[in-house]
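# Architecture and fold: a report
Here are the chains, one letter per residue:
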Amino acid sequence: MSKELLTALDVLEKEKGVKREVVIEALENALVSAYKRNYGQAQNVEVEFDEKKGDIHVYAVKDVVNEVFDSRLEVSLDDALQLNKAYEIGDQIRFEVTPKDFGRIAAQTAKQVIMQRVREEEHNVIYNEYIKYENEIVTGEVERRDNHFIYVNLGKVEAVLSRKDQIQGEEYKSHDKIKVYIYKVENSSKGPQVFVSRSHPDLLRRLFEQEVPEIYNGEVEIVSIAREAGDRAKVAVRATIDNLDPVGTCVGPRGERVQKIVNELKGENMDIVKWDEDPATFIANALNPADVLAVRFDPENEHDCTVVVPDDQLSLAIGKRGQNVRLAARLTGYKIDIKSETDAAEENLEDKTVAEPVEPAVEEEPVEEVSVETEATDEGSEE
């Protein structure tokens, strides 16, 4: 057993990277528990492993006292002095109590400890590998599903895709290759757990970084994203260098760049709008494809505003089930109330607001906002 144990320790250290001293410490602690469990010893036991020979010794540690009340824990001063004249009251003496049949228990315990350490090390290797991909997108293969999760094989680990992280209406079949966003990696008692998403807004951010080199190298910046996964998303972008159209750059020649992202997300409609440091202009851009006549801010709440649109564009500005204005509000961080031009005039909105009307800006670039749709432009009634 001793030779086999030493060989196992060498293999663990060389092939798995598990240090000998770590395994030996764990082994000694496990053997203490095994001895107490099998021989009814409650305390004061130490186990020592000889790293050179591979032998295991069990010791009972006893206190030197004048009068012995428990022979398992104490030894009299007279008996201690017979062992060594230097002993005094309060000293501790180790007596070897290794049972003759302890080798069998030790071998069994050693096997369990080594297997446990191997599992832990394998878990650590996987965790350390995938923690590097947290907040990144990877390609995985759909493996199986149950009532709660889709399980995606990422190579060395099986990631979980929960219902809330799935795109509504998207089907996931076994062996499908899908891109997923890793938003959390945990090293639990059951091993590493990787949580992935198809609905996370940052999945969209990473897809744009892959398809648009100018975003990856920092010439174009994604300022904010508002997304209702599987249906529609709005992305606000700005250029960090002069003479660069951020919207046109993201769309690409003949819409090729953004269309690849739309295809990856199985037809999710995409509005790319230009960010502006002027909140009124940014809000107007965010309500694309509707035209905006004016943006009025509430003097009592700086993050509330009323947007005036032409009468015939009220439904377009609001969108189906209020989606267009809802996404615009998330994108800009403002609470937006949409009013038709007629309603605004009847309510004397001019007297209640402080911002000037947003005039259509004259842009050098031919495109300021682009909406990539896979179906007819949203038009619906206010709900």
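Definitions and cut-offs
- Residues numbered from 1 in each chain as written.
- Predicted model: local features only at pLDDT ≥ 70, side-chain atom pairs only at ≥ 80, totals over all residues.
- Heavy atoms only, no water.
- Helix = DSSP H or I, 4+ residues; strand = E, 2+ residues; numbered from the N terminus.
- Buried < 20%, exposed > 50% of the residue type's maximum accessible area, 1.4 Å probe, protein only.
- Contact = heavy atoms within 4.5 Å.
- Expected span 1.5 Å × (residues − 1).
- Pairing = 2+ DSSP bridges.
- Axes fitted to C-alpha atoms, helices over the stretch in contact; angles between N-to-C directions.
- Parallel < 35°, antiparallel > 145°, perpendicular 65-115°, else oblique.
- Left-handed = near helix turned anticlockwise from the far one by under 90°.
- Polar contact = N/O pair within 3.5 Å; in protein donor to acceptor, adjacent residues only side chain to side chain.
- pLDDT = per-residue confidence, 0-100.
- Arc of directions from axis to C-beta.
- Phe/Tyr/Trp six-rings, centres within 6.5 Å; stacked < 30°, edge-to-face > 60°.
- Lys NZ or Arg CZ within 6 Å of the ring centre and 35° of its normal.
- Patch = residues over 30% accessible without salt bridge, like charges linked within 9 Å, V, L, I, M, F, W, Y side chains within 5 Å.
- Areas by Shrake-Rupley, 256 points an atom, 1.4 Å probe, with all protein chains shown as cover.
- Salt bridge = Lys/Arg side-chain N within 4 Å of Asp/Glu carboxyl O.
- Lys, Arg positive; Asp, Glu negative; His and termini not counted.
- Charge placed at Lys NZ, Arg CZ, Asp CG, Glu CD.

What follows is about the overall build of the protein. A tally of helices and strands in the protein yields 13 helices and 16 strands. When the 383 residues of the protein are sorted by exposure, 44% land in the buried category. Here the analysis covers contacts within the protein between residues at least 6 apart in sequence; of these, 63% occur between residues at least 24 apart.

This part is about helix α4 (residues 102-130). Taking 1.5 Å per residue as the helical rise, α4 with its 29 residues ought to reach 42 Å, and the 42 Å between its terminal C-alpha atoms agrees with that figure. Considered for burial, the residues of α4 that qualify are Phe102, Ile105, Ala106, Thr109, Ala110, Val113, Ile114, Val118, Ile126 and Tyr130.

Turning to the pairing of strand β9 (residues 191-197), a few remarks are in order. β9 sits mainly inside the fold: six of its seven residues count as buried. Relative to β9, strand β7 (residues 158-162) runs parallel, the two sharing two bridges. When the sheet's bridge partners are listed, Leu161 is paired in β9 with Val196. Sheet topology note: the strand β8 (residues 177-188)/β9 ladder contains seven bridges and is antiparallel. Paired with Ile182 across the two strands is Val196, which belongs to β9.

So, on to the packing of helix α5 (residues 201-211) against helix α8 (residues 256-264). Relative to each other, α5 and α8 sit at 140 degrees, their axes nearing to 10 Å. By the angle between their directions, the pair α5 and α8 is classed as oblique. With respect to the hand of their crossing, α5 and α8 are arranged in right-handed fashion. Packed against α5, whose contacting residues are Leu204, Leu207, Phe208 and Glu211, the element α8 presents Arg257, Val258, Lys260, Ile261 and Glu264 at the interface.

Turning to the side chain of Asn324, a few remarks are in order. With respect to the secondary-structure elements, Asn324 resides in helix α11 (residues 323-332). Within the structure, the side chain of Asn324 is placed 3.2 Å from the side chain of Arg232, a separation counted as a polar contact. Excluding residues within four positions of it along the chain, Asn324 makes contact with Arg232, Lys234, Asp271, Leu287, Asn288, Pro289, Leu316, Ala317, Ile318 and Gly319.

In the predicted model, the protein carries a mean pLDDT of 85, and 89% of its residues have values of at least 70. Per-element averaging of pLDDT across the protein places helix α13 (residues 349-352) at the bottom with 45 and strand β10 (residues 220-228) at the top with 97. Counting contacts from residues 350-357, a segment whose pLDDT is below 50, to residues more than four positions away or on other chains yields 15 contacts. Per-residue pLDDT stays below 50 along residues 374-383; that stretch engages in 21 contacts with residues further than four places along the chain or on separate chains.

Attention now goes to the sheet that holds strand β14 (residues 301-309). Within a sheet, each strand pairs with its neighbour through backbone hydrogen bonds, oriented either parallel or antiparallel. Pairing is mixed in the open sheet, where three strands are placed in the order β13-β14-β15. Only two strands of the sheet have a single partner each, and these edge strands are β13 (294-298) and β15 (335-340). The average angle at which neighbouring strand axes cross in this sheet is 25 degrees, direction not considered. In this structure, β14 lies alongside β15, joined through six bridges in parallel fashion. Within the sheet, the bridge partner assigned to Val308 lies in β15 and is Lys339. Across the sheet, helix α9 (residues 279-286) touches β13, β14 and β15, and the angle it forms with β13 is around 120 degrees.

With that settled, consider α8. Within the sequence span of α8, burial applies to Arg257, Val258, Ile261 and Val262. Looking straight down α8, one finds its buried side chains confined to an arc of 135 degrees; they lie on one side. Just downstream of α8 lies Lys266, where phi reads positive at about 55 degrees.

The next subject is the environment of Glu158. Inspection of the secondary structure puts Glu158 in strand β7. A C-alpha to C-alpha distance of 7.3 Å links Glu158 and Val194, two positions 36 residues apart in sequence. Setting aside chain neighbours within four positions, we find Glu158 in contact with Glu143, Arg144, Tyr151 and Val152. Separated by 2.9 Å, the side chains of Glu158 and Arg144 make a polar contact.

The subject of this paragraph is the packing of aromatic side chains. The full count for this structure, using the stated rule, is five aromatic pairs. Across the ring face of Phe95, the terminal group of Lys62 is positioned such that the distance to the ring centre comes to 5.2 Å. The side chain of Arg94 reaches across the aromatic face of Tyr59, ending 4.1 Å from its centre.

This part takes up a negative patch on the surface. On the surface, Asp291, Asp311, Asp312, Glu341, Asp343 and Glu346 cluster together into a patch of negative charge. Locating Asp291 in the fold gives a position in the loop between α9 and β13.

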